[in-house]
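Observations on chain architecture
Take a look at the letters that make up each chain.
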Amino acid sequence: MNPIVNRYTQLVQIDHPIVQEGLGPFRTPKLAAAVSNAGGLGTVSMPGMPADLAAGARLFRDHIEECRSLTDRPFAVNIPVGVDGNGVVLPFTDIYIRMVLDARREDAELARQLTVLTTSAGFPGDYIAPIHDAGMIHQHKVGSTRQAVKAAEAGVDVIIAAGFEMGGHAPSKAVHSYVLVPSVTEAVDVPVLLTGGARDARGLAAAMALGADGVAMGTRFITSTANTDWHPAYIQALIDAKEGDDVAFDGVYGPCRGLRNAASRRLTDHGTPDSGEIADAVELTRWKIESMQRAQTDGDVEQGLVLAGQVASAIDDIIDIAEFVPSTARGAAEILHTLASSLPTPAVSA
Ligand SMILES: Cc1cc2nc3c(=O)[nH]c(=O)nc-3n(C[C@H](O)[C@H](O)[C@H](O)COP(=O)(O)O)c2cc1C
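Okay, so let's go over this structure. All figures in this text were calculated on a predicted structure; none of them were measured in a lab. (Residues numbered from 1 in each chain as written. Predicted model: local features only at pLDDT ≥ 70, side-chain atom pairs only at ≥ 80, totals over all residues.)

1. As for the nonpolar core
Definition in use: As used here, a nonpolar core is made of buried Ala, Val, Leu, Ile, Met, Phe, Trp, Tyr and Cys residues. They are joined through C-beta atoms within 7 Å. In this scheme the burial state of a residue depends on its C-beta neighbours within 10 Å: 20 or more other such atoms mean buried, 12 or fewer mean exposed, and anything in between means partly exposed; the C-beta positions come from the backbone. In DSSP terms, a helix is any run of H or I states spanning at least four residues, a strand is any run of E spanning at least two, and both are numbered starting from the N terminus. Throughout, the edges of the domains are those of an automatic or database domain assignment. Contact between residues is assigned whenever the C-beta positions, reconstructed from backbone atoms, fall within 7 Å.
Grouped together as the largest cluster of nonpolar side chains are 99 residues, with contacts concentrated most on Ile159, Ala161, Leu204, Ala207 and Val215. Counting residues per element, this core draws most heavily on helix α9 (residues 201–209), which supplies six residues. Summarising the domain contributions, this core has at least three residues from each of domain 1 (7–227 + 317–334) and domain 2 (232–298). Contacts of valine 215, omitting those with residues within four sequence positions, involve Ile18, Val19, Leu193, Leu194, Ala198, Gly203, Leu204 and Ala207.

2. Considerations on the sheet that holds strand β1 (residues 18–20)
For the record, the criterion: Here the rule is simple: two strands pair whenever DSSP picks up at least two bridges between them. An axis is simply a line fitted to the C-alpha atoms; with a helix, the fit covers only the stretch in contact. Between two such axes, the angle follows the N-to-C directions and lies from 0 to 180 degrees.
With respect to topology, eight strands assemble into an open sheet ordered β1-β9-β8-β6-β5-β4-β3-β2, the strand pairing being parallel. Two strands close off the open sheet at either side, each with one partner strand: β1 and β2 (42–45). The average undirected angle you get between the axes of adjacent strands in this sheet is 30 degrees.

3. Some points on the site of the ligand
The condition is simple: Here is the check we use: build the C-beta atom from the backbone, and if it is within 6 Å of the molecule or strand, call the residue near.
Not every one of the 28 residues close to the ligand is listed here, only the nearest: Gly24, Gly167, Gly168, Gly218 and Gly309. Where the shell around the ligand is concerned, the elements lending two or more residues are β3 (75–81), β7 (168–169), β9 (214–217) and α10 (219–222).

4. Topic: the environment of leucine 180
Assignment of secondary structure puts leucine 180 in helix α8 (residues 177–187). Considered as a pair, leucine 180 and tyrosine 234 are 54 residues apart in the sequence and their alpha carbons are 29 Å apart. Dropping the residues within four chain positions of it, leucine 180 is found in contact with Ala161, Gly163 and Val175.

The structure is reproduced here in structure tokens:
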């Protein structure tokens with residue numbers, strides 16, 4: 001029996017309200033398939049934005065194909081909505097979203113499984129109708145209640161409320177999960193997932209107590225046996241991280257959380273890799289993305305940017321996702337039942 005069945009699990013047709021959210025610009029097909037196979041929702045992340053975006057889209061499509069070859073359960077893709085200084089959507093967003101919609105149109109079997117598209121970063125306004133027209137569920141990640149209301153009113157199906165303690169690109173307003181999530185769940189009628197700081201059954205139970213329908217975790221899933229695509233040094237750096245070892249620096253779409261090291265210090269001290277050496281914004285963005293990939297693929301966790309949430313300080317093991325996802329749902333249900341049954345029965349007022 002699935003211990004937690006709610007409107008989110010029913011909408012997305014999964015067993016447990018536990019999502020592995022986007023972990024770009026990295027390789028995640030195996031991770032996504034493992035989470036989907038375990039009864040959660042895995043997400044294939046966007047692989048980066050190389051100068052040749054057609055090649056980037058082909059690589060992304062390969063990752064999607066790899067994921068579907070490893071699971072026959074539903075899975076998602078994550079595509080950030082990048083915008084330039086004038087608010088114009090960057091080409092990679094458009095190219096990647098079109099690639100996903102085309103891939104599903106061409107392949108009915110893929111469309112049956114790739115049912116969820118998650119956007120993040122900028123407002124996805126122009127993409128809401130095409131995503132729905134394609135028959136997909138649209139999730140959007142927000143960092144404020146105002147953004148949540150705007151997205152829900154525009155027709156987004158699921159809101160992912162992102163607290164500032166999250167790993168990777170974090171909200172510019174720096175509101176943490178404990179404050180943000182109850183405000184968002186009060187303000188919108190659609191299902192809400194908490195993202196930022198969750199790592200176990202207690203996090204899922206707490207998210208539900210705050211009115212959320214589930215959790216979307218990032219950092220927790222990185223240190224798992226399924227994540228054989230990432231360099232072991234990256235995984236070890238997360239396990240070794242202690243409280244206070246994380247920092248928010250200026251990333252690609254605003255603040256970004258990762259571990260304190262030589263690479264993040266360059267950004268926090270100078271805003272650029274070397275006291276003003278890279279002035280061009282495009283070149284600086286490329287340096288940041290390459291630095292992230294240097295940590296993930298080459299294992300250079302000093303000169304590369306190691307994206308991770310504050311919760312890394314509380315993670316010290318490598319999980320087996322097949323066991324972790326159902327036991328987290330079971331544990332959360334037990335916590336909620338135990339807490340409810342330990343309270344005195346409320347007096348009935350006459
Ligand atoms: C290494 C890393 C890469 C990430 N990349 C993305 C991304 O490409 N798109 C996105 O929407 N969120 C991204 N995130 C955020 C996660 O999807 C998720 O919201 C976040 O990790 C939740 O916080 P947690 O790490 O405390 O679980 C990333 C997070 C990490 C740690």
